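# Per-entry structural report
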Amino acid sequence: MDQMTENPLPGPLQQLARSAWQVVLVLGVLTLLLGVAVLAWPKATLTVVGVLFGLYLVLAGVFQLVAAFGTHVSTSLRVMAFISGALSILLGLFCFRGALESILLLALWIGIGWLFRGITHTVAAASDPYMPARGWQIFAGVLTAIGGVVVLVWPFHSIAVLTVFTGIWLLVMGVIEIMTAFQIRSRAKTIPSGV
């Protein structure tokens, strides 16, 4: 009985903290390794991402087709969902023709997305005089739109640069996650037992 009071079982908070640092450490190491892989093999990474993008488009298209036939909305919305789903499937299948096609489609997808996001962000910030940090919001919107135009004009060069930046970002995030894991571990030791 005295032995149990000297070594009480750790409480749920301490158990969570003790296991959390290990999970964060594993995620950090995996993120770091992924960053190294992206930087070591950028072309292979782009090919894999292109194939995954094609799979995503096909699956999204199938779900849109199912939604077009299964929803109780107006006919015009069903037609739009059907067209969108069919187009998504066609674009997804186009990605499987080759790595070049999938990378080009991915770059165009990113460029168009950034362009529209930048325009809507800029318009929203410009039209709302009470938006916090309005000037910075407008600047961020314009910068995002310009980034979209650059990706659309030079899709292959920009997607290669984005791959390198992604690899560097993954390395940095991996190091940060590993450092965070050790901080969680040291703080978990300070949590009193039985909490």
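Residues numbered from 1 in each chain as written. Predicted model: local features only at pLDDT ≥ 70, side-chain atom pairs only at ≥ 80, totals over all residues. Heavy atoms only, no water.

This part covers the environment of Leu33. Looking at the element boundaries, Leu33 is found in helix α2 (residues 12–40). With relative accessibility at 53%, the residue Leu33 sits in the exposed group. Along the primary structure Leu33 and Gly174 are separated by 141 residues, whereas in three dimensions their C-alpha atoms are 8.0 Å apart. (Helix = DSSP H or I, 4+ residues; strand = E, 2+ residues; numbered from the N terminus. Buried < 20%, exposed > 50% of the residue type's maximum accessible area, 1.4 Å probe, protein only.)

Taken together, the side chains of Leu39, Val161, Val164, Phe165, Ile168, Val172 and Ile176 present a nonpolar region at the surface, about 570 Å² in accessible area. When residues in the nonpolar patch are grouped by element, the largest group, six residues, is from helix α7 (residues 155–190). Following the sequence through the fold, Val164 ends up in helix α7. Look at Val164 and you get partly exposed, because its relative accessible area is 38%. (Patch = residues over 30% accessible without salt bridge, like charges linked within 9 Å, V, L, I, M, F, W, Y side chains within 5 Å. Areas by Shrake-Rupley, 256 points an atom, 1.4 Å probe, with all protein chains shown as cover. Salt bridge = Lys/Arg side-chain N within 4 Å of Asp/Glu carboxyl O.)

For the structure shown, the criterion picks out three aromatic pairs. Aromatic pair Phe53 and Trp109: ring centres 5.3 Å apart, planes at 75°, arrangement edge-to-face. With Phe53 in helix α3 (residues 42–70) and Trp109 in helix α5 (residues 99–127), this residue pair connects regions lying 56 residues apart in the sequence. Between Trp136 and Phe139, the ring centres sit 5.9 Å apart and the planes meet at 85°, which makes this aromatic pair edge-to-face. A residue pair is termed a helical-turn pair when its members lie 3 or 4 positions apart in one helix, as Trp136 and Phe139 do in helix α6 (residues 134–153) at three residues. Since its relative accessible area comes to 65%, Trp136 is described here as exposed. (Phe/Tyr/Trp six-rings, centres within 6.5 Å; stacked < 30°, edge-to-face > 60°.)

Turning next to the nonpolar core. Residues Leu46, Phe53, Leu57, Cys95, Ile103, Leu105, Leu106, Ala107, Val151 and Ile159 constitute the largest nonpolar core, which totals ten residues. Those elements that place two or more of their residues in this core are α3 and α5. No other element matches the four residues that α5 contributes to this core. (Core = buried A, V, L, I, M, F, W, Y, C linked by side-chain atoms within 4.5 Å.)

Compared with an ideal rise of 1.5 Å per residue, which puts 29 residues at 42 Å, α5 spans 42 Å between its outermost C-alpha atoms and is within 8% of the ideal. Looking at α5, one finds that the buried residues are Ser102, Ile103, Leu105, Leu106, Ala107, Gly111, Gly118, Thr122 and Ala125. (Expected span 1.5 Å × (residues − 1).)

A few words now on the environment of Arg78. Looking at where Arg78 falls in the secondary structure, it is placed in helix α4 (residues 75–95). Linking Arg78 and Leu65, residues 13 residues apart in sequence, is a C-alpha distance of 8.8 Å.

Following both chains from N to C, one finds α6 and α7 inclined at 120°, their axes separated by 5 Å at the closest point. The angle between α6 and α7 falls in the class oblique. Two secondary-structure elements touch here, α6 through Val150, Val151, Leu152 and Val153 and α7 through Pro155, Ser158 and Leu162. (Axes fitted to C-alpha atoms, helices over the stretch in contact; angles between N-to-C directions. Parallel < 35°, antiparallel > 145°, perpendicular 65-115°, else oblique. Contact = heavy atoms within 4.5 Å.)

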